[in-house]
Amino acid sequence: MSPTTKTPADAEAPRITFELVTLFPEMFDGLLATTVIGKAITAGTVAVHRTNPRDFGLGNYRQVDDTPYGGGPGMIMRVEPIAAALEAIAAARGPSYRILLTPRGRRFDQAAAQALAARPRITLVCGRYEGVDERVGSLVDAQICLGDFVLAGGELAAAVVLEATARLVPGVLGCGLSAGDESFSAGRLEYPQWTRPAEWKGQVPPPVLLSGDHAAIARWRRRASARLTQELRPDLLAAHPLTDEERKLLAAEAEPEAEPGST
């Protein structure tokens, strides 16, 4: 139940706090100690606490699961340990927005991450085994899934939600423009990126990117982003139709330097 990291008493409060309810708190060690999330935790911008429902398990063996009513394979996580864990979190650190990671939840996307990033405290409840007792649903505010596939538990899904959300919090990436310019931020795939060397096995970046003409570069990137989305993810255009500007850019004659990989 202890936080992953402690900030000094005189430090500013974190901009966002995550509470992880998990039977396997050690699964998050790498994520929380490295990458931009680890740096944000060290800086005090992000706080993460882990609570194990087994600490609130029943009986001498700290039981957290049982056989399903009606029969069937596998075990079901009981409601009492999860409820007790959530109550302990609220008592220790205050209320939070509670989310259950489950296949029946709403599909997690960039818009959902942006909405969560505006919340000061989020609790992610990780299921295990064959699932959780139906009554756990009454203890949470929302249910989220990553996609139409099955995981052994909610920990990996929680890690994805945590990282996708935390990196949108101001101060985490260190560059205010980074998050807003990425794939899915406006319902578009990000434009192609290039770096050194200038030539590799006959492939070179579009000359416009080396021109120093920032307006031309911005136009190329908007056009490339719209084109990639149209070609690779047309489903995104159903929710986010092309703008008039994007249509004009795509309809314009292709500039020689706008073709990635041209030689």
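Scope of this entry: the structure provided in the associated data block. Owing to the predicted nature of the structure, the values given are computational and were not obtained by experimental measurement. (Residues numbered from 1 in each chain as written. Predicted model: local features only at pLDDT ≥ 70, side-chain atom pairs only at ≥ 80, totals over all residues. Heavy atoms only, no water.)

**Considering the side chain of R121**
Line of reasoning, step 1. As for its position among the elements, R121 is in strand β6 (residues 121–126).
Line of reasoning, step 2. Looking at R121, its side chain comes within polar contact range of the side chain of E19, at 3.2 Å.
Line of reasoning, step 3. Polar side-chain contacts of R121 include one of 3.0 Å to the backbone oxygen of G94.
Line of reasoning, step 4. Setting aside its immediate chain neighbours within four residues, R121 contacts T17, E19, I89, R93, G94, P95, S96 and Y97. (Helix = DSSP H or I, 4+ residues; strand = E, 2+ residues; numbered from the N terminus. Polar contact = N/O pair within 3.5 Å; in protein donor to acceptor, adjacent residues only side chain to side chain. Contact = heavy atoms within 4.5 Å.)

**What to know about the packing of helix α6 (residues 214–232) against helix α8 (residues 244–251)**
When two helices pack together, their arrangement is given by the angle between the helix axes and by the axis-to-axis distance.
Line of reasoning, step 1. At a closest axis distance of 9 Å, the pairing of α6 and α8 adopts a crossing angle of 90 degrees. In terms of their interaxial angle, α6 and α8 are classed as roughly perpendicular. Here R219, R222, R223, A226, R227 and Q230 of α6 lie close against α8, whose contacting residues are E245, E246, L249 and L250.
Line of reasoning, step 2. Grouping the constituent residues of the contact of α6 with α8 by class yields three nonpolar, one polar and six charged. (Axes fitted to C-alpha atoms, helices over the stretch in contact; angles between N-to-C directions. Parallel < 35°, antiparallel > 145°, perpendicular 65-115°, else oblique. Nonpolar A, V, L, I, M, F, W, Y, C, P; charged D, E, K, R; others polar.)

**Notes on the sheet that holds strand β2 (residues 46–51)**
Line of reasoning, step 1. Read from one edge of the open sheet, five strands run β2-β1-β6-β5-β7, paired in parallel fashion. The outermost strands of the open sheet, each flanked by one partner alone, are β2 and β7 (142–145). Taking the axes of each pair of neighbouring strands and ignoring which way they run, one obtains an average angle of 30 degrees across the sheet.
Line of reasoning, step 2. Pairing analysis gives six bridges linking strand β1 (residues 16–21) to β2, with the strands arranged parallel. Bridge pairing links T17 to A47 in β2.
Line of reasoning, step 3. Across the sheet, helix α3 (residues 79–93) touches β1, β2, β5 (97–107) and β6, and the angle it forms with β6 is around 160 degrees. (Pairing = 2+ DSSP bridges.)

**Points about the packing of helix α4 (residues 110–117) against helix α5 (residues 155–166)**
Line of reasoning, step 1. Direction vectors running N to C along α4 and α5 enclose 70 degrees, while the axes themselves pass 8 Å from each other. By the angle between their axes, α4 is roughly perpendicular relative to α5. The way α4 lies across α5 gives a crossing that is right-handed. Residue-level inspection shows A113, L116 and A117 of α4 in contact with α5, the latter providing V161, A164 and T165.
Line of reasoning, step 2. Split by residue class, the contact of α4 with α5 holds five nonpolar, one polar and no charged. (Left-handed = near helix turned anticlockwise from the far one by under 90°.)

**Brief notes about the packing of aromatic side chains**
Line of reasoning, step 1. Within this structure, the stated rule accounts for zero aromatic pairs.
Line of reasoning, step 2. A cation sits over an aromatic face here: R119 above Y97, 3.6 Å from the ring centre. (Phe/Tyr/Trp six-rings, centres within 6.5 Å; stacked < 30°, edge-to-face > 60°. Lys NZ or Arg CZ within 6 Å of the ring centre and 35° of its normal.)

**A few points about α3**
Line of reasoning, step 1. The terminal C-alpha atoms of α3 lie 21 Å apart, and with 15 residues this matches the ideal 21 Å at 1.5 Å per residue to within 8%.
Line of reasoning, step 2. Every buried residue belonging to α3 is among V79, P81, I82, A83, A85, L86 and I89, and all of these are buried.
Line of reasoning, step 3. Looking at the buried positions of α3, the neighbouring elements they touch are β1, β2, β4 (76–77), β5 and β6.
Line of reasoning, step 4. Two residues or fewer past α3, G94 is found with a positive phi of approximately 100 degrees. (Expected span 1.5 Å × (residues − 1). Buried < 20%, exposed > 50% of the residue type's maximum accessible area, 1.4 Å probe, protein only.)

**Description of the environment of L237**
Line of reasoning, step 1. Relative to the elements of secondary structure, L237 occurs in helix α7 (residues 234–239).
Line of reasoning, step 2. Linking L237 and R188, residues 49 residues apart in sequence, is a C-alpha distance of 8.1 Å.

**Describing the pairing of β1**
Line of reasoning, step 1. For β1, the tally of buried residues reaches six of six residues, placing the bulk of the element in the interior.
Line of reasoning, step 2. Of the two faces of β1, both are covered, the one formed by I16, F18 and L20 as well as the one formed by T17, E19 and V21.
Line of reasoning, step 3. Looking at chain direction, β1 and β6 are connected through five bridges and run parallel. What sits directly across from L20, in β6, is L124.

**Observations concerning unusual backbone geometry**
Excluding glycine, most residues fall at negative phi; most peptide bonds, likewise, are trans.
Line of reasoning, step 1. Cis rather than trans, the peptide bond between R196 and P197 has omega equal to 5 degrees.
Line of reasoning, step 2. Examined against the element boundaries, P197 turns out to sit in the loop between α5 and α6.
Line of reasoning, step 3. Positive phi values are uncommon outside glycine, yet R62 reaches one of about 55 degrees.
Line of reasoning, step 4. Within the element layout of this structure, R62 appears in the loop between β2 and β3 (65–66).

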